[in-house]
Amino acid sequence: MLEAGAPGAALLGLLGLMVGSFLNVVIHRLPKMMELRWEAECAELQASDETPASTSSEPETFNLMLPRSRCPHCGHQIRWFENIPVFSYLALRGKCSQCSAPISRRYPAVELATAALFAWCGWHFGLGWEALAWCGFSAAVLALAGIDWDTTLLPDDITLPLLWAGLCAAGLRITDTLLPDALWGAVAGYVSLWLVYWAFKIVTGKEGMGYGDFKLFAAFGAWFGWQALIPVILMASLIGAVIGIAIKLKGHLREGGYVPFGPFLALAGLTSMVFGPSAILAAIGL
């Protein structure tokens, strides 16, 4: 294992650029894959007992690998040298090479954020299993933040593996979190937000959050232990309140006036990874 410091940071930072490019695909495609799956399930439930008419055309394969990435404006297929993390965006000046339509700044932002988090893991932990575990944590949380911001969904495809990975990492002593703390952290994380959800719904008749938030908070409990839950939820609530008020003042609230909570919870979780839960409490004066 490489010692903590620059070598591990450089190697994992480079890996983070590549993983960040893939996370952009996950953020964009996974919700569409879920929608296609739901449509297929609904079609099966609504199908009549009669044998459906055969069709010659098969639906196009759509997953995280196929079809190849294309410009959403002109359909231009992205070539390999147009898909190099960050560098291609800069070389193309943020525009499609065919139609000059703007490319979202979020693509290089996700790549850089992933690279920075991976580099921090390499710097702090060195190049070993613990660093790789926290890199996986960072990638999953970033993907969840992007998906929830776009769709208000926190897919089980990511939240549940993240939860189990935290428990396994604690059980194998890959992280510093003890298994009992991780187990009760997962339980307390889920149950606490579940109780808040139902209390809010009983009082107001509205749903204040989704079940995905419960699972993400449970995953944080598994990774950090039950002791971190209060700092994480306090920071997430504070960030959410500040950003929510700013969005409302600018008149940029979405239809229905909601702001997804998952991205703020994700930011609090990443902050807890980098600075530690106790630092969060100190930062907010507790």
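The coordinates are above.
The numbering scheme is per chain: residues are counted from 1 as the chain's sequence reads. With pLDDT at 70 or above as the cut-off, local features in this predicted model cover only qualifying residues; side-chain atom pairs require 80 or more to be listed or tallied, and sums for whole chains, interfaces and linings still use all residues. Side-chain numbers here rest on the full set of heavy atoms in the structure, without hydrogens or water.

Undergrad: How should the overall build of the protein be read in this particular structure?
TA: In this text, helices come from DSSP runs of H or I with a minimum length of four residues, and strands from runs of E with a minimum of two, each type numbered from the N-terminal end. In terms of helices and strands, the protein carries 10 helices and 0 strands. In sequence order, the secondary structure elements of the protein are arranged as α-α-α-α-α-α-α-α-α-α. When accessible area is computed with a 1.4 Å probe and restricted to protein chains, residues below 20% of their type maximum are described as buried, those above 50% as exposed, and intermediate ones as partly exposed. Going through the 286 residues of the protein one by one, you find that 42% of them count as buried. In what follows, residue pairs with any heavy atoms lying within 4.5 Å of each other are defined as contacts. Within the protein, contacts between residues at least 6 apart in sequence are counted, and of these 72% link residues at least 24 apart. When the accessible area of the protein is evaluated, it comes to approximately 16500 Å², of which 65% is carbon and sulfur surface. Throughout, the Shrake-Rupley method with a 1.4 Å probe supplies accessible areas, and for residues the shown protein chains are the sole cover considered.

Undergrad: Would you explain the pattern of salt bridges in this entry?
TA: Pairing between side chains of opposite charge can happen when their charged atoms approach one another. Counted as salt bridges are all cases of a side-chain nitrogen of Lys or Arg within 4 Å of a carboxyl oxygen of Asp or Glu. A full pass over the atoms with the stated rule returns 5 salt bridges. We note a salt bridge from Glu82 to Arg79, for which the minimum N-O separation is 2.7 Å. Residue Glu82 is classed as buried on the basis of its relative accessible area, which comes to 9%. Taking the shortest distance from any N to any O, the salt bridge between Arg106 and Asp150 comes out at 2.6 Å. One end of the pair, Arg106, is in helix α3 (residues 106-125); the other, Asp150, is in helix α4 (residues 129-151), and 44 residues separate them in sequence.

Undergrad: Any chance you could explain the environment of Phe217 here in plain terms?
TA: Examined against the element boundaries, Phe217 turns out to sit in helix α7 (residues 211-224). Along the chain, Phe217 and Ala266 lie 49 residues apart, while their C-alpha atoms are 8.9 Å from each other. Among residues more than four places away in sequence, those in contact with Phe217 are Gly189, Ser192, Leu193, Leu229, Val232, Ile233 and Leu265.

Undergrad: Looking at this structure, I do not really get the side chain of Arg29. What am I missing?
TA: Locating Arg29 in the fold gives a position in helix α1 (residues 6-46). Since its relative accessible area comes to 6%, Arg29 is described here as buried.

Undergrad: Just to check I follow, could you spell out helix α9 (residues 262-275) for this structure?
TA: Side chains of residues three or four places apart in an α-helix project in the same direction, reflecting 3.6 residues per turn. For α9, spanning 14 residues, the distance from its first C-alpha to its last is 20 Å, which sits close to the expected 20 Å at 1.5 Å a residue. Counting buried positions along α9 yields 11 of 14 residues, so the element is predominantly enclosed. Among the residues making up α9, those that are buried are Gly262, Pro263, Phe264, Leu265, Ala266, Ala268, Gly269, Leu270, Thr271, Ser272 and Met273. With its phi angle positive at about 95 degrees, Gly276 sits one or two positions after the end of α9. An expected span of 1.5 Å times one less than the residue number is assigned to each helix.

Undergrad: Teacher, can you tell me more about the packing of α3 against α4 here?
TA: Two quantities define a packed helix pair, namely the angle between the helix axes and the distance between the axes. With their axes 9 Å apart at the nearest point, α3 and α4 run at an angle of 155 degrees to one another. With respect to α4, the axis of α3 lies roughly antiparallel. Like other packed secondary-structure pairs, α3 and α4 cross with a definite hand, here right-handed. Taking contact as the criterion, the partners of Arg106, Ala113, Thr114, Leu117, Phe118, Cys121 and Phe125 in α3 are, on α4, Glu130, Ala131, Trp134, Cys135, Ser138, Ala139, Leu142, Gly146 and Asp150. Looking at side-chain class alone, the contact of α3 with α4 contains 10 nonpolar, 3 polar and 3 charged residues. Note on method: axes are straight lines fitted to C-alpha atoms, helices fitted across the in-contact stretch only, with angles between N-to-C directions ranging 0 to 180 degrees. Under this scheme an angle from 65 to 115 degrees is roughly perpendicular, one under 35 degrees roughly parallel, and one over 145 degrees roughly antiparallel; angles in between are oblique. Two helices that cross are described as forming a left-handed crossing if the nearer one is turned anticlockwise from the farther one by less than a right angle, and a right-handed crossing if clockwise. Gly counts as polar in this scheme, as do all residues outside two lists: the nonpolar Ala, Val, Leu, Ile, Met, Phe, Trp, Tyr, Cys and Pro, and the charged Asp, Glu, Lys and Arg.

Undergrad: Sorry, what's going on with the packing of α4 against α7 here?
TA: Relative orientation of the contacting elements α4 and α7 amounts to 165 degrees, with a least axis distance of 13 Å. Relative to α7, α4 is oriented roughly antiparallel. In terms of crossing hand, the pair formed by α4 and α7 is left-handed. Contact with α4, carried on its side by Ala133, Trp134, Phe137, Val141, Leu144 and Asp148, involves Asp213, Leu216, Phe220, Trp223 and Phe224 of α7 and no other residues of that element.

Undergrad: I keep staring at the packing of aromatic side chains and nothing clicks. Help me out?
TA: Any aromatic ring pair is given by two values, namely how distant the centres are and how the planes are angled relative to each other. In this scheme Phe, Tyr and Trp rings, the latter by its six-membered ring, pair at centre separations within 6.5 Å, and the angle between planes marks the pair as stacked below 30 degrees, edge-to-face above 60, and tilted otherwise. In this structure the tally under the stated criterion is 16 aromatic pairs. When the centroid spacing of 5.6 Å and the interplanar angle of 90 degrees are considered together, the rings of Trp120 and Phe125 count as edge-to-face. On the accessibility criterion, Phe125 (17% relative accessible area) is buried. Each residue in the set Tyr190, Trp194, Tyr197, Trp198, Tyr211 and Phe214 is aromatic and connected to the rest through ring pairs, giving one cluster. Any Lys NZ or Arg CZ found within 6 Å of a ring centre and within 35 degrees of that ring's normal is scored as a charge over the ring. Across from the ring centre of Phe62, 5.4 Å away, lies the NZ or CZ of Arg29, which sits over that ring.

Undergrad: Would you take a moment to explain the side chain of Glu111 for this structure?
TA: Its location among the elements puts Glu111 in helix α3. The charged-residue count follows a simple rule in which Lys and Arg add positive charge and Asp and Glu add negative charge, with His and chain termini not counted at all. Of the side chains bearing the opposite charge, Arg106 lies closest to the buried Glu111, which forms no salt bridge; the N-O distance is 11 Å. For Glu111, the contacting residues outside a window of four places in its chain are Gly16, Leu17, Gly20, Ser21, Asn24, Pro85 and Val86.

Undergrad: So what exactly am I meant to see when it comes to the environment of Thr175 here?
TA: Considering the arrangement of structural elements, one finds Thr175 in the loop between α5 (156-171) and α6 (179-204). With 48 residues separating them along the chain, Thr175 and Trp223 place their C-alpha atoms 7.9 Å apart. Excluding anything up to four places from it in sequence, Thr175 contacts Glu130, Trp134, Ala169, Ala170 and Trp223.

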